[in-house]
Amino acid sequence: MSPRREVEWAVAIVVAAAFLRLWGLDAQSLWIDEWFAVADAQRPLATLWWLPDGEPALHKMLLHRLFAWTGTSDWWARLPSALASVAAVWLLFDLGRRWVDGATGLIAAALLALHPLAIWYGQEARGYSFAVLAALGSARALGDAWERPGWRGWLGYAGWVWFGIGSHYYFVFV
């Protein structure tokens, strides 16, 4: 398959992933952990770092800024997770294509796009989709840093790791 055809298929998979994650995004009301995340995000920005809730503040800080622009609703609270989950599908295609071949990238992206748990967590107002995106981004950045040594590659890797740890503390196991 030509590289152009692979990218066309990947775009189709990403569009399908976006549809699956955005459709019915606010069909269910927020459950308790999502509600706490939304309530915390409405606090003053400076206090979000010091909340004793056992999770990093990056997702809540993003929600805080988003709510300042859009107001609070279930749909807006879940949108960042959905977009991160869709971006993870594209990033997984790119990783598979770079490390193995285009067919592997397409299969991996399709599996992530259709996976029920990936869709479920892509529709939650929590930081799980950000952690998945950060895991894939850090893997890509680590590969880039390894292939092209230099401080820029390692800085990119450090940025993805920071993003991952800011999204979920379990990212340290990645």
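So, how was this worked out
- Here, residues in each chain are numbered from 1, in the same order as that chain's written sequence.
- Only residues with pLDDT of at least 70 get local features here, since the model is predicted, and only at 80 or more are side-chain atom pairs given and counted; chain-wide, interface and lining totals rely on the full set of residues.
- Excluded from the side-chain calculation are hydrogens and water; included are all heavy atoms of the structure.
- Going along the chain from the N terminus, every DSSP run of H or I of four or more residues is numbered as a helix, and every run of E of two or more is numbered as a strand.
- Radius of gyration: over C-alpha atoms. The globule rule applied is 2.2 Å multiplied by the number of residues raised to the 0.38 power.
- Contacts are assigned to residue pairs with any non-hydrogen atoms lying within 4.5 Å of each other.
- Every accessible area reported is derived by Shrake-Rupley at a probe size of 1.4 Å, with residue values counting cover from the shown protein chains alone.
- None of His or the chain ends enter the tally, which takes Lys and Arg as positive and Asp and Glu as negative.
- Each charge is placed at NZ for Lys, CZ for Arg, CG for Asp and CD for Glu.
- In this scheme, a helix's expected span is set at 1.5 Å multiplied by one less than its residue total.
- Buried, partly exposed and exposed residues are distinguished by accessible area as a fraction of the type maximum, computed with a 1.4 Å probe on protein chains only: under 20%, between the cut-offs, and over 50%, respectively.
- pLDDT: the predictor's confidence for each residue, scored from 0 to 100.
- Pairing of aromatic rings covers Phe, Tyr and the six-membered ring of Trp, with a centre-to-centre limit of 6.5 Å; geometry is then stacked below 30 degrees between planes, edge-to-face above 60, and tilted otherwise.

**Details of the overall build of the protein**
Then step 1. Check the secondary structure of the protein and you find eight helices and zero strands.
Then step 2. Going residue by residue from the N terminus, the α and β elements of the protein occur as α-α-α-α-α-α-α-α.
Then step 3. Against the compact-globule benchmark of 16 Å for 174 residues, the protein has a radius of gyration of 17 Å, which places it among compact chains.
Then step 4. Taking the principal axes of its C-alpha atoms as reference, the protein extends roughly 50 × 40 × 25 Å.
Then step 5. Counting contacts in the protein only where the partners sit at least 6 residues apart, residues at least 24 apart contribute 68% of the total.
Then step 6. Split by element, the accessible area of the protein, about 10000 Å² in all, is 69% carbon and sulfur.
Then step 7. Positive and negative side-chain charges in the protein, numbering 13 and 14 respectively, have mean positions lying 7 Å apart.

**A short note on helix α8 (residues 151-167)**
Then step 1. Between its terminal C-alpha atoms α8 stretches 24 Å, which fits the 24 Å expected from 17 residues at 1.5 Å a residue.
Then step 2. Residues of α8 that are buried include every one of Gly-153, Phe-163, Gly-164, Gly-166 and Ser-167, and no others.
Then step 3. The inward-facing, buried residues of α8 contact α3 (58-70) and α7 (128-147).

**Details of the confidence of the model for the protein**
Then step 1. When pLDDT is averaged along the protein, the result is 92; 100% of the residues meet or exceed 70.
Then step 2. By mean pLDDT, helix α2 (residues 32-41) is the weakest element of the protein at 87, and helix α5 (residues 102-114) is the strongest at 97.

**As for the packing of aromatic side chains**
Then step 1. Tallied over the full model, the rule gives nine aromatic pairs.
Then step 2. Consider the rings of Phe-130 and Phe-163, whose centres lie 5.8 Å apart with planes at 70°: the pair is edge-to-face. Placement of the pair is Phe-130 in helix α7 and Phe-163 in helix α8, with a sequence separation of 33 residues. Across the pair, exposure class does not vary: Phe-130 and Phe-163 are buried alike.
Then step 3. Of the aromatic side chains, those joined through ring pairs into one cluster are Phe-130, Trp-160 and Phe-163.

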